[in-house]
Every structure is written in structure tokens, then in C-alpha cells.
Amino acid sequence: MENEHTITANPAPQNNFPPLPKVPYHVGIIMDGNGRWAKQRGMPRTLGHRAGAENLRNIIESTVEFGVKILTIYAFSTENWKRPKTEVKGLMSLLHYYFNRELDELLKNGVRVRHLGKMDGVAPRTKKEILQAVEKTAHNDRLILNVAFNYGGRAEIVQAIQKIVAANIPPEEITEDTVSRFLYTAGQPDPDLIIRTSGEFRTSNFLTWQAAYAEYYITPILWPDFDKQAYYDALRTFSQRKRRFGGLNDEEDIEDDA
Ligand code: FPP
């Protein structure tokens, strides 16, 4: 949903980086390439995920500094259960470790954690930790951190349809806004920018509905190496793009078309 919140009116100074003319309100990140990062170093994949989690801490900090208001991270997809048991187990313990170690830091930085995804199949301990992080940070308002965990974009849409039917909403009253209101991201503006690391050109079932008009930025950098400079480069590229949302956006475009 594009609305008045989409672009921050007065982007915060980006510290050592030149100010950007506009900063996306909502950024989504597909944190890809942990496995390759580890392989390049002769390490097990799990260590790549650990390096990825370390990097996430820095990127959250930079997100606050850059003035982005919502960050959605793809931490674990509904398809990731198909990975080898040891890797799945490693990712689960990482989540545990992350929330235990980082909760204070998230609280200090004014980060509000939200969960996007299903709890079915998630171990009770993991579920408890996610809900605790959501609850303990509920009063924060500097940054919303949507953690897409056990998340699938199509499943999210199916679930929204089920809820709409269960709510007995007459078909003629169902609009795009209705669907948006039944998604995990209800009440939040859609992502303006989606970053995917490690050079893959796929959307991988991430924010399938919400990303309809998002700008995509693909970088070959592997997630553990995606640093503040790389993030700034993504934001700078975004700030130079002309978004049209299917229309024409200035007089020059309209004249070209005449
Ligand atoms: C994709 O890399 C990454 C994931 C499936 C998991 C992302 C998770 C993290 C960065 C850890 C932080 C998150 C938590 C749980 C707090 P890949 O394994 O597909 O890499 P490859 O394509 O190189 O194999």
C-alpha cells in the first residue's frame, strides 16, 4: 500500500555518508549467501549463518541511523524446513542465541520486533522466545523489525483469504485494502525497497503481495559481507530511481508520451 508514509520527509543525516535526497520508509532484505560465504572459507554452512546473524546486528544499527522506519528480514522461509536437519537445527539455535543476546541491544536502539509467519511446526521454546521479543519491545517506536520466520508469501495470502471468508465479508466489499488488512503486515506501508544479496534474481516467496510496487536491488555481495557502505549504496540507488506505480510521474514523461 503506497501512502503518505512511504518516504521520510526529512531524511536523517547518514553520519559519515552524504545525505540522501530520499530514504525508503520500509526496506525488506533477503539475506542470501551465508552458505557460499562459509564454503569459500572451508567452513560448515552453520558458521555462515552465524556470520550472517552477526552482520544483522550491524545492519539493524545502520537502519536506525539511515532513518528507515521499517525493516523486514527474511530469516527462515516455510521452504527452509527442507534443508538438512543439522542446518535447520543450527538456524533455530541461532534464533535462540540472537534473541537472548540481542534483546537488550534492540531495546536500547528503540527497535520493535514483529513476527511475520506461522507458528505451526515451530518448537515451543522458539515460539516462546519470538513472542517474548515481540512483547518486550512492543513499546518501541524508532524502528519496526519484522522478522519473517517460518514465512511464505503465498501461504500468507491464503491465510488472509481464509480469514476474510471466516469474517463473512461480502465479495463485492473485498478490495486490495481488505486483503492488506488481513496480512501479517496489517497497518504497515508496503516495502519501498527490497534488497537481495548474493546475486540471485528471485523473489523467493518473500512479501509476495506487499512487494507489488517495490523497487528491487540485487547485489552480488554475500550477506555476511553486506556492510554499511553496501547498504548505503543500495539506498543511494533507490533514491535515484523514478517510481511510477504504473503511471507517469512528471510532465516530461507525459510530454514524451504525447
Ligand atoms: C540464506 O543463505 C539465508 C538463510 C536461509 C537464513 C538467513 C538467516 C540469517 C542471516 C541468520 C540471522 C537470522 C536469525 C535466525 C536471527 P543460504 O544458506 O541460502 O546461502 P547460500 O545460497 O549461499 O547457500
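Residues numbered from 1 in each chain as written. Predicted model: local features only at pLDDT ≥ 70, side-chain atom pairs only at ≥ 80, totals over all residues. Heavy atoms only, no water.

**Looking at the overall build of the protein chain**
Scanning the protein chain from N- to C-terminus turns up eight helices and six strands. Moving toward the C terminus, one meets the helices and strands of the protein chain in the order β-α-α-β-α-β-α-β-α-α-β-β-α-α. On C-alpha atoms alone, the protein chain measures out to a radius of gyration of 19 Å, which is about the 18 Å that the 2.2 N^0.38 rule sets for 258 residues. Dimensions along the principal axes, computed over C-alpha positions, put the protein chain at roughly 60 × 50 × 35 Å. The buried share among the 258 residues of the protein chain stands at 49%. (Helix = DSSP H or I, 4+ residues; strand = E, 2+ residues; numbered from the N terminus. Rg over C-alpha atoms; globule rule 2.2 N^0.38 Å. Buried < 20%, exposed > 50% of the residue type's maximum accessible area, 1.4 Å probe, protein only.)

**Quick look at the pattern of salt bridges**
Opposite charge on two side chains permits them to pair, given that their charged atoms come into close proximity. If you walk through the whole model with that rule in mind, you get 14 salt bridges. Note that Arg57 is salt-bridged to Glu105, the shortest N-O span being 4.0 Å. In this pair, Arg57 is assigned in helix 2 (residues 45-66) and Glu105 in helix 3 (residues 85-108), connecting sequence segments 48 residues apart. Judged by relative accessible area, which is 18%, Glu105 ranks as buried. A salt bridge links Arg236 to Asp233, with the shortest nitrogen-to-oxygen separation between them at 3.7 Å. Of the two residues, Arg236 and Asp233 both sit in helix 7 (residues 228-240), three residues apart, roughly one turn of that helix. By relative accessible area, Arg236 is classed as partly exposed at 34%. Among the charged side chains, a network of salt bridges with common partners joins Glu54, Arg57, Arg101, Glu102, Glu105 and Lys108. (Salt bridge = Lys/Arg side-chain N within 4 Å of Asp/Glu carboxyl O.)

**Brief notes about the site of the ligand**
Surrounding the ligand, one finds 18 residues, the nearest of these being Asp32, Gly35, Arg36, Arg45 and Arg83. Gly33 is positioned such that a nitrogen or oxygen atom in its backbone is 3.3 Å from an oxygen atom of the ligand. A distance of 3.1 Å separates an oxygen atom of the ligand from a polar atom in the backbone of Gly35. Taken by itself the ligand offers 620 Å² of open surface, and the protein chains cover 91% of this. For the shell around the ligand, the secondary structure elements donating two or more residues are helix 1 (34-40), helix 2 and helix 3. Among the residues forming the shell around the ligand, the class breakdown is eight nonpolar, six polar and four charged. (Near = heavy atom within 4 Å. Polar contact = N/O pair within 3.5 Å; in protein donor to acceptor, adjacent residues only side chain to side chain. Areas by Shrake-Rupley, 256 points an atom, 1.4 Å probe, with all protein chains shown as cover. Nonpolar A, V, L, I, M, F, W, Y, C, P; charged D, E, K, R; others polar.)

**Thoughts on the sheet that holds strand 1 (residues 26-30)**
One open sheet accounts for six strands, arranged 3-4-2-1-5-6; its pairing is parallel. With one partner strand each, in any of the chains shown, strand 3 (111-116) and strand 6 (215-218) form the two edges of the open sheet. This sheet shows a mean twist of 20° between the axes of neighbouring strands, independent of strand direction. Against the sheet, helix 3 touches strand 2 (70-77), strand 3 and strand 4 (143-151), its axis set at about 165° to strand 4. Sheet strands in contact with helix 4 (residues 124-136) are strand 3 and strand 4, and its direction is about 140° off that of strand 3. (Pairing = 2+ DSSP bridges. Axes fitted to C-alpha atoms, helices over the stretch in contact; angles between N-to-C directions. Contact = heavy atoms within 4.5 Å.)

**Let's talk about helix 4**
In an α-helix, one turn spans 3.6 residues; hence positions three or four apart end up facing the same way. Compared with an ideal rise of 1.5 Å per residue, which puts 13 residues at 18 Å, helix 4 spans 18 Å between its outermost C-alpha atoms and is within 8% of the ideal. Among the structural elements, helix 3, strand 3 and strand 4 are those in contact with the buried residues of helix 4. (Expected span 1.5 Å × (residues − 1).)

**Some thoughts on the packing of helix 2 against helix 7**
For any two helices packed against each other, one specifies the crossing angle of their axes together with the interaxial distance. Close contact between helix 2 and helix 7 brings their axes to 10 Å; oriented N to C, the two are set at 45°. Viewed along their axes, helix 2 and helix 7 adopt a mutual orientation that is oblique. In this structure, the crossing between helix 2 and helix 7 has a hand that is right-handed. Here Ile59, Ser62, Thr63, Glu65 and Phe66 of helix 2 come into contact with helix 7, specifically with Lys228, Tyr231, Tyr232 and Leu235. Considered class by class, the residues forming the contact of helix 2 with helix 7 number five nonpolar, two polar and two charged. (Parallel < 35°, antiparallel > 145°, perpendicular 65-115°, else oblique. Left-handed = near helix turned anticlockwise from the far one by under 90°.)

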